[in-house]
Amino acid sequence: MAILEVEDLKVYFPIKAGILNRTVDHVKAVDGVSFSIEQGKTYGLVGESGSGKTTTGRAVIGLESIYSGKVSFNGTDITNFGRENSALRKDVQMIFQDPYSSLNPRKRVLDIISEPLRNFEKLSKTEEKKRVQELLEIVGLSPESILKYPHEFSGGQRQRIGIARAIALKPKLIIADEPVSALDVSVQAQVLNFMQDIQKELNLTYLFISHDLGIVKHMCDDIAIMYKGRYVEQGTITDIFNNPQHIYTKRLVSAIPDINPRNREKQYRIRQEVQREYANSFNDYFDSEGLAYGLQPVSDTHLVALPERG
Amino acid sequence: MEVNNANLANQIQDPTKSPSGLKILWKEIVRDKLALISLILLVLITVFVYGTAVVLDQDEIVRVDLFAIHEPPSEEFILGTDYGGRDVFGQLIIGTRNSLSIGFLVTAISGIFGIAFGLIAGYFGGYTDNALMRVLDFFQVLPFTMLVIVFVSIVPNYTILAFSIIMAAFNWMGIARLIRSKALQEKELDYVQASKTLGTSHTKIIFREVMPNISSLIIVTMTLNLAANIGIESGLSFLGFGFPESTPSLGTLLSYATNPQTLEYRWWIWVPAAVLILIMMLMIRNVGEALRRATDARQRRG
């Protein structure tokens, strides 16, 4: 059974105008997104900035209010996460994009990592300290750092503290919102490999939000491409990378740099060709407002947003 | 990784201790000589004033003695006497105590209320913010001086506490507005969002996460408010709406200067009070500045 199921999720932000400050229109940040994730898998959400991928993640964990749609976790409805289901908070955690603002600068590492423990588990001071030190060891930081403040760490180390906090309650699902986009490339690999290690160890499920296709290919089992709040294409890694159907996906995939310099000319030609196709057939793949169509199945796992034929 | 950990371990000299907030504040004040001198003087004045006031008999000091009117400073009266033959030095001590008490009380009451109000309005935002801010606007358009004067004249039991509450009731809006604007900024930061996802309650987030992060603002405003509140009290007493002459304050002493004769020829009645107000405000400001620097790690000298 799927651990997380999202049905027709819509997150709209009102546009207010006029003297009475009435809602005249909505920004459709997420417009009818559905997906499900199996336990222990990693589901990638890819898209350009403003495509609604982060908003989707934040809506799932209850940081954005949901306009319509349904989110269920392990069969329980968590659409109104903010008010109800506080016990389920334990099982769904989030890793934030910016390691510089996601840690309270006034708190020591001990207090930061033990915050979830204090909320959900009644531990004595010594037990708590031991748990935090264990967690720090898991994320590869020195257990002596518990009395330091966040500003004494580098970006990569801070992100590890954020991860330690997210896994402190042994959650089942972690929403990772561009967890490495603020880090150096060398540190990115470290953090990503580490995330995969703890995934195996704790049987975690990830909702992995990223704009970096290379990272997504490395991390995920299934991915979805988003554009302007809608899904463009959804499928397994092989579906998307070897058999992209939608012109937008093709363009994204062709943009991945090839490490072999001999292919440079070939890559350039492919890119040119895809670009030409994109310009020519834009209207076939997007409706009059420039939005993607509804998803049509291509195979059991592969869905593409194509206009209905016939 | 190994190297990294070794480096980290080296950086920690004493893993059992890390400087607490109070220690940092203290270190900063010690490093800033002006603030240190100010704080010592301020503490000395406060201790001296509160200590002596216990010994002094207020009724004895404010008793009118027609045989000792307008005495200049002498052995018997260190700072001379006023038009009622009352000892100015004794009045100065008790007056400073009263003024300080009112200053502290007003700052504390209006501060606690204003901070809570501003934090709640800013943190929740939306309708809560709108409703609370309209209440605040209502209070802000009320004429402060007039209302304080009205309340002061109708309150049956006119004590320091009563006066402080009246003043605080019309004095919390500024700090509330300031704190709200900061809270609005702060709640958008990821660490507040993170706390929400970690299941921390709103109350805890407001007072344990957001409030410590705007503590520098709180400390500076509170300190400056303390100086301002002492000033407002003196001003009201100067106008004759503070305490009666039977309860001296720095303002009542100053108000003797409204008499041109006193202003020109009897300096001993009003100069000490004026100088004391000036010195105390300057010292409070110096300490406040040092505290402000201490709360921001980048500006610290200590």
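Because the structure is predicted, anything quoted here is derived from the model rather than measured.

### Describing the UniProt feature "transmembrane region" (unreviewed entry) in chain B
Residue and element names in this part refer to chain B.
- Taking the UniProt record as the reference, the feature "transmembrane region" (unreviewed entry) is found at residues 34-56, 102-124, 214-232 and 267-284.
- Within the segment residues 34-56, helix and strand shares are 96% and 0% respectively, and the terminal C-alpha atoms sit 32 Å apart.
- What you have in residues 102-124 is 100% helix and 0% strand, and the ends, taken at the C-alpha atoms, are 33 Å apart.

### With respect to a nonpolar patch on the surface
Residue and element names in this part refer to chain A.
- A contiguous nonpolar surface patch, about 310 Å² in accessible area, is contributed by Phe13, Ile15, Val24 and Val27.
- When contributions to the nonpolar patch are tallied by element, the ones reaching two or more residues are strand S1 (2-17) and strand S2 (22-38).
- Exposure remark for Ile15: the relative accessible area of 34% places this residue in the partly exposed category.

### A word on helix H7 (residues 144-154) of chain B
- Listed in full, the buried residues belonging to H7 of chain B are Leu147, Val148, Ile149 and Val152 of chain B.
- In this structure, the buried side of H7 of chain B is in contact with helix H8 (160-169) and helix H12 (215-239) of chain B.

### Re the sheet that holds strand S9 (residues 222-227) of chain A
All names here are of chain A.
- Across the sheet, which stays open at both edges, the 8 strands sit in the order S6-S7-S8-S3-S9-S10-S12-S11 with mixed pairing between neighbours. Strands at the two margins of the open sheet, each flanked by one partner only, are strand S6 (92-95) and strand S11 (295-297). Strand-to-strand twist of the sheet, defined as the mean angle between neighbouring strand axes without regard to direction, takes the value 20°.
- Of the strands in this sheet, S6 and strand S7 (173-177) are in contact with helix H4 (residues 155-167), which crosses S6 at around 175°.

### Remarks on the domain arrangement of chain A
All names here are of chain A.
- Entries for chain A in the domain assignment read domain 1 (2-38 + 55-223) and domain 2 (229-310).
- Inter-centroid distance (C-alpha atoms) of domain 1 to domain 2 is 29 Å.
- Opposite the 14 residues of domain 1 that make contact, domain 2 presents 13 residues.
- Among the residues of domain 1 in contact with domain 2, Leu213, Lys217 and Ile223 are the three that bury the most area, contributing 50% of the side total.
- There are 1 salt bridge connecting domain 1 and domain 2.
- A salt bridge links Asp31 to Arg230, with the shortest nitrogen-to-oxygen separation between them at 3.1 Å.
- Joining domain 1 to domain 2, the criterion identifies 4 residue pairs in polar contact (both at pLDDT 80 or more).
- Sorting the residues of the side of domain 1 that touches domain 2 by element identifies S2, helix H6 (213-219) and S9 as the ones contributing at least two each.
- At 7 residues, the largest contribution of residues to the side of domain 1 that touches domain 2 is made by S2.

### Overview of the packing of aromatic side chains
All names here are of chain A.
- Counted by the stated rule, this structure contains 15 aromatic pairs over all chains.
- When the centroid spacing of 5.2 Å and the interplanar angle of 55° are considered together, the rings of Tyr227 and Phe286 count as tilted. With Tyr227 in strand S9 and Phe286 in the loop between helix H9 (264-285) and S11, this residue pair connects regions lying 59 residues apart in the sequence.
- Within the aromatic cluster, the residues linked to one another by ring pairs are Tyr227, Tyr248, Tyr278, Phe282 and Phe286.
- Over the aromatic face of Phe153 sits the side chain of Lys148, whose NZ or CZ is 5.2 Å from the ring centroid.
- Positioned above the aromatic ring of Tyr278, the side-chain terminus of Arg251 is 4.0 Å from the ring centre.

### Some words on the pattern of salt bridges
- Scanning all chains against the criterion turns up 16 salt bridges over all chains.
- We note a salt bridge from Glu121 of chain A to Arg131 of chain A, for which the minimum N-O separation is 3.2 Å. Separated by 10 residues along the polypeptide, Glu121 of chain A in the loop between helix H2 (109-120) and helix H3 (125-138) and Arg131 of chain A in helix H3 bring together distant segments of the chain. Both residues of the pair, Glu121 of chain A and Arg131 of chain A, count as buried.
- In this structure, Arg293 of chain B and Glu28 of chain B form a salt bridge, with 2.9 Å as the shortest nitrogen-oxygen distance. Of this pair, Arg293 of chain B sits in helix H15 (residues 267-295) while Glu28 of chain B sits in helix H2 (residues 21-31), and the two are 265 residues apart along the sequence. Accessibility classification places Arg293 of chain B together with Glu28 of chain B in one group, the buried group.

### With respect to H2 of chain A
- Of all the 12 residues making up H2 of chain A, 9 are buried; the element is thus mostly covered by neighbouring parts of the structure.
- Packing partners of the buried residues in H2 of chain A comprise H3 and H4 of chain A together with helix H10 (190-197) and helix H11 (202-213) of chain B.

### Points about a negative patch on the surface
Residue and element names in this part refer to chain A.
- Residues Glu5, Glu7, Asp8 and Glu38 make up a contiguous surface patch of negative charge.
- Per-element tally for the negative patch: the top contributor is S1, with 3 residues.
- Positionally, Glu38 belongs in strand S2.
- Glu38 gets classed as partly exposed once you look at its relative accessible area, which sits at 39%.

Conventions adopted
- Residues numbered from 1 in each chain as written.
- Chains lettered and ligands numbered in written order.
- Predicted model: local features only at pLDDT ≥ 70, side-chain atom pairs only at ≥ 80, totals over all residues.
- Heavy atoms only, no water.
- UniProt positions renumbered as here; feature names shortened; annotations may be inferred.
- Helix = DSSP H or I, 4+ residues; strand = E, 2+ residues; numbered from the N terminus.
- Patch = residues over 30% accessible without salt bridge, like charges linked within 9 Å, V, L, I, M, F, W, Y side chains within 5 Å.
- Areas by Shrake-Rupley, 256 points an atom, 1.4 Å probe, with all protein chains shown as cover.
- Salt bridge = Lys/Arg side-chain N within 4 Å of Asp/Glu carboxyl O.
- Buried < 20%, exposed > 50% of the residue type's maximum accessible area, 1.4 Å probe, protein only.
- Contact = heavy atoms within 4.5 Å.
- Pairing = 2+ DSSP bridges.
- Axes fitted to C-alpha atoms, helices over the stretch in contact; angles between N-to-C directions.
- Domains from an automatic or database assignment.
- Buried area = accessible area lost by both parts, 1.4 Å probe.
- Polar contact = N/O pair within 3.5 Å; in protein donor to acceptor, adjacent residues only side chain to side chain.
- Phe/Tyr/Trp six-rings, centres within 6.5 Å; stacked < 30°, edge-to-face > 60°.
- Lys NZ or Arg CZ within 6 Å of the ring centre and 35° of its normal.
- Lys, Arg positive; Asp, Glu negative; His and termini not counted.
- Charge placed at Lys NZ, Arg CZ, Asp CG, Glu CD.

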